[in-house]
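Overview (structure and organization)
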Number of protein chains: 2
Amino acid sequence: MAKNGSYVSEAVIRRMPKYYRYLEDLEKSGVERVSSKELSQRMGLTASQIRQDFNCFGGFGQQGYGYNVSDLKREIMKILGLDRTYNVIIVGAGNIGQALANYTGFEKEGFFIKALFDINPKLIGMSIRDIMIYDLDSLEDFLEKNPIDIAVISTPKDKAQEVADRLTANGIRGIWNFAAVDVAVPRGVIAENVHLSDSLFTLSFRIRESLD
Amino acid sequence: MAKNGSYVSEAVIRRMPKYYRYLEDLEKSGVERVSSKELSQRMGLTASQIRQDFNCFGGFGQQGYGYNVSDLKREIMKILGLDRTYNVIIVGAGNIGQALANYTGFEKEGFFIKALFDINPKLIGMSIRDIMIYDLDSLEDFLEKNPIDIAVISTPKDKAQEVADRLTANGIRGIWNFAAVDVAVPRGVIAENVHLSDSLFTLSFRIRESLD
DNA sequence: ATAATTTTGTTAAAAGATTGTCATATTGAG
DNA sequence: CTCAATATGACAATCTTTTAACAAAATTAT
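We now turn to the structure provided with this report. (Residues numbered from 1 in each chain as written. Chains lettered and ligands numbered in written order. Predicted model: local features only at pLDDT ≥ 70, side-chain atom pairs only at ≥ 80, totals over all residues. Heavy atoms only, no water.)

1. Some thoughts on unusual backbone geometry
All names here are of chain A. In the Ramachandran plot, Asp 130 falls in the positive-phi region, its phi being about 65 degrees despite a non-glycine side chain. Mapping Asp 130 onto the fold places it in the loop between β6 (127-128) and β7 (131-135). Exposure remark for Asp 130: the relative accessible area of 76% places this residue in the exposed category. You will see that His 195, though not glycine, has its phi angle at about 55 degrees, which is positive. Tracing the backbone shows His 195 in the loop between β10 (190-193) and α9 (196-211). Residue class for His 195 comes out buried when judged on its relative accessible area of 9%. (Helix = DSSP H or I, 4+ residues; strand = E, 2+ residues; numbered from the N terminus. Buried < 20%, exposed > 50% of the residue type's maximum accessible area, 1.4 Å probe, protein only.)

2. Topic: the sheet that holds strand β8 (residues 150-153) of chain A
Residues and elements named next belong to chain A. Judged by pairing direction, the sheet is mixed, and its seven strands sit side by side in the order β6-β7-β5-β4-β8-β9-β10 without closing on themselves. Looking along the sheet, the strands with just one partner apiece sit at the ends: β6 and β10. Inspection of the sheet shows strand β5 (residues 111-118) paired to β7 by three bridges, in the parallel sense. Looking at the pairing, Phe 117 lines up with Tyr 134 of β7. Sheet contacts for helix α8 (residues 157-169): β4 (86-91), β8 and β9 (174-177); angle to β8, the most-contacted strand, approximately 170 degrees. (Pairing = 2+ DSSP bridges. Contact = heavy atoms within 4.5 Å. Axes fitted to C-alpha atoms, helices over the stretch in contact; angles between N-to-C directions.)

3. Quick notes on the layout of surface pockets
The calculated volume of the second largest pocket comes to roughly 1,600 Å³. If you go around the second largest pocket, you meet 41 residues; those closest to its centre are A:Arg14, A:Glu192, A:Val194, B:Arg14 and B:Glu192. Of all elements in the fold, only α1 (10-28), β10 and α9 of chain A together with α1 (10-28), β9 (190-193) and α9 (196-211) of chain B reach the threshold of two or more residues within the lining of the second largest pocket. The residue inventory of the lining of the second largest pocket, partitioned by class, reads 15 nonpolar, nine polar and 17 charged. (1 Å grid on protein atoms, 1.4 Å probe; cavity = no way out; pocket = protein on both sides within 12 Å on 5 of 7 lines; lining within 4 Å. Points joined across faces, edges and corners; volume = space filled by probe spheres on them. Nonpolar A, V, L, I, M, F, W, Y, C, P; charged D, E, K, R; others polar.)

4. Overview of the sheet that holds strand β3 (residues 86-91) of chain B
All names here are of chain B. If you walk across this open sheet you meet the seven strands as β5-β6-β4-β3-β7-β8-β9, and the pairing is mixed. If you trace the sheet from one side to the other, it starts and ends with β5 (127-128) and β9, each paired once. The strands touched by helix α5 (residues 95-102) are β3, β4 (111-118), β5, β6 (131-135), β7 (150-153) and β8 (174-177); relative to β4, the strand with the most contacts, the crossing angle is about 150 degrees.

5. Considering the packing of aromatic side chains
Given two aromatic rings, their pairing is described by the distance between the two centres and the angle made by the two planes. All told, the structure shown has 22 aromatic pairs over all chains when counted by the stated rule. With a centroid separation of 6.2 Å and 20 degrees between ring planes, the pair formed by A:Phe111 and B:Phe201 is classed as stacked. Of this pair, A:Phe111 sits in strand β5 while B:Phe201 sits in helix α9, placing the two residues on different chains. Comparing A:Phe111 with B:Phe201, the two get one shared label, buried. Between A:Phe201 and B:Tyr20, the ring centres sit 5.6 Å apart and the planes meet at 75 degrees, which makes this aromatic pair edge-to-face. Taken as a pair, A:Phe201 in helix α9 and B:Tyr20 in helix α1 lie in two separate chains rather than in one. (Phe/Tyr/Trp six-rings, centres within 6.5 Å; stacked < 30°, edge-to-face > 60°.)

6. Remarks on the nonpolar core
Formed by 97 residues in total, the largest nonpolar core has its most connected members in A:Trp176 and B:Trp176. With residues near it in sequence (within four places) discarded, B:Trp176 still touches A:Leu196, A:Ser199, A:Leu200, A:Leu203, B:Leu100, B:Phe106, B:Ala151, B:Val152, B:Ile153, B:Glu192 and B:Val194. (Core = buried A, V, L, I, M, F, W, Y, C linked by side-chain atoms within 4.5 Å.)

7. Topic: the pairing of β10(A)
Every other side chain in a regular strand lies on the same face of the sheet, so the side chains alternate between the two faces. All names here are of chain A. Side chains of β10 alternate between two faces, with Ile 190 and Glu 192 buried and Ala 191 and Asn 193 left unburied. Looking at chain direction, β9 and β10 are connected through four bridges and run parallel. Note that in β10 the partner of Asn 177 across the bridge is Asn 193.

8. Overview of the interface of chain B and chain A
Taken together, the contact pairs 55 residues of chain B with 55 residues of chain A. For the pairing of chain B and chain A, the buried interface totals around 5,100 Å² over both sides, and the portion due to carbon and sulfur atoms is 64%. Considering only the surface of chain B that becomes buried against chain A, B:Arg21, B:Phe201 and B:Phe205 emerge as the three largest contributors, covering 13% of it. Where chain B touches chain A, the interface holds 10 salt bridges. For B:Arg206, the salt bridge goes to A:Glu10, with nearest N and O atoms at 2.4 Å. Counting across the interface, chain B meets chain A through 22 residue pairs in polar contact (both at pLDDT 80 or more). Of all the elements in the fold, those that place two or more residues in the side of chain B that touches chain A are α1, α4 (69-79), α5, β8, β9 and α9 of chain B. (Buried area = accessible area lost by both parts, 1.4 Å probe. Salt bridge = Lys/Arg side-chain N within 4 Å of Asp/Glu carboxyl O. Polar contact = N/O pair within 3.5 Å; in protein donor to acceptor, adjacent residues only side chain to side chain.)

And the structure:
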């Protein structure tokens, strides 16, 4: 996907979902074309950076015209891997696990939650939006019988690594981790750590900073 | 707090909560001292970067010895503004709002949730862990009578900016935003945008990338 | 008590990211 | 059809961040 198989920096990748958000808004508002200048004003970036970013993946624009919103959005979806669907399971049916299962927004982007797992007998057998909560003991069995692409870890932090190990040992190649530890995964497996509290602490840092 | 009032870069700030996490783990394991080298191996950073980071805020270490874990942790807590408490409200008592209200972990760090607000009549009057859900109409009234430091926005995205405006108009200086838009705030107000889906899309980008 | 080892804080160098500039292509107005 | 305006893609310059190197200080071992 990258322009000539060359390396694309972390910073650029992290901006791609943001471009996607803004382009989706533009498309919904019926805007057909957009220049890097206009997009830069909306997004609070420089026009130069936007052009540079898109050019990491190939030239999607046209001189004198700008970028076609729908085309560009489609390209970014391809880049982000949003041109396919993903089967997802959630391990840990506590607060976050349940909230994610209840949220219907990810389905629109192609992420389908197929099951939840927990060790709490009170939760096992229940379902959320018709998604069953299974005993964590049956995790390996389930993974063998169902093609799952992504696993969410929303367990307490002291169980997260153990769960990650079981997931990767059974073929999971993508982990979205909400536990407050960085999980280690073998080469070839992708782990995205969320760390909500890091974000809260950054906020409190800035509040503190703004006071002196 | 910064070494001599000088600017500390975004990149350094974003690493601080991570240091805090690792230092807390070390302290809990009874480790008394740690060198930048050992910490670097645990955290997957370079020792040089760790020393450089800490020196943005003043020298907390000692040559030949390293860093005292408890002292360093305490310093980082001060830097992050975790040496005080914060009163928090949550606007939007849907999936994420409820999950955050149910989660007890933030209290340990000094963040106390005082109220939730929603427009759904079925939710208004209920409570979560003894935290009342109020009518959003009473937001201004509540903010006048209670000293609130931080507001969480967990509304649908089309309501987020309007809520942010009402919050900042009534004295809120810190916003933790979970809605899928970047909220704009006036100077002097800090907004931390979470964007869970950005994180999920980064994961799908990497999965896609790993396939070719 | 002394020497070898450890390890910081600092400075310098290297690497990486962002911004500015400009030639060139396209559009749109007259 | 021609000309001015627009806007990209590429490259160069600047700025930021990370890594490396090292002198100085403290610790540890003998």
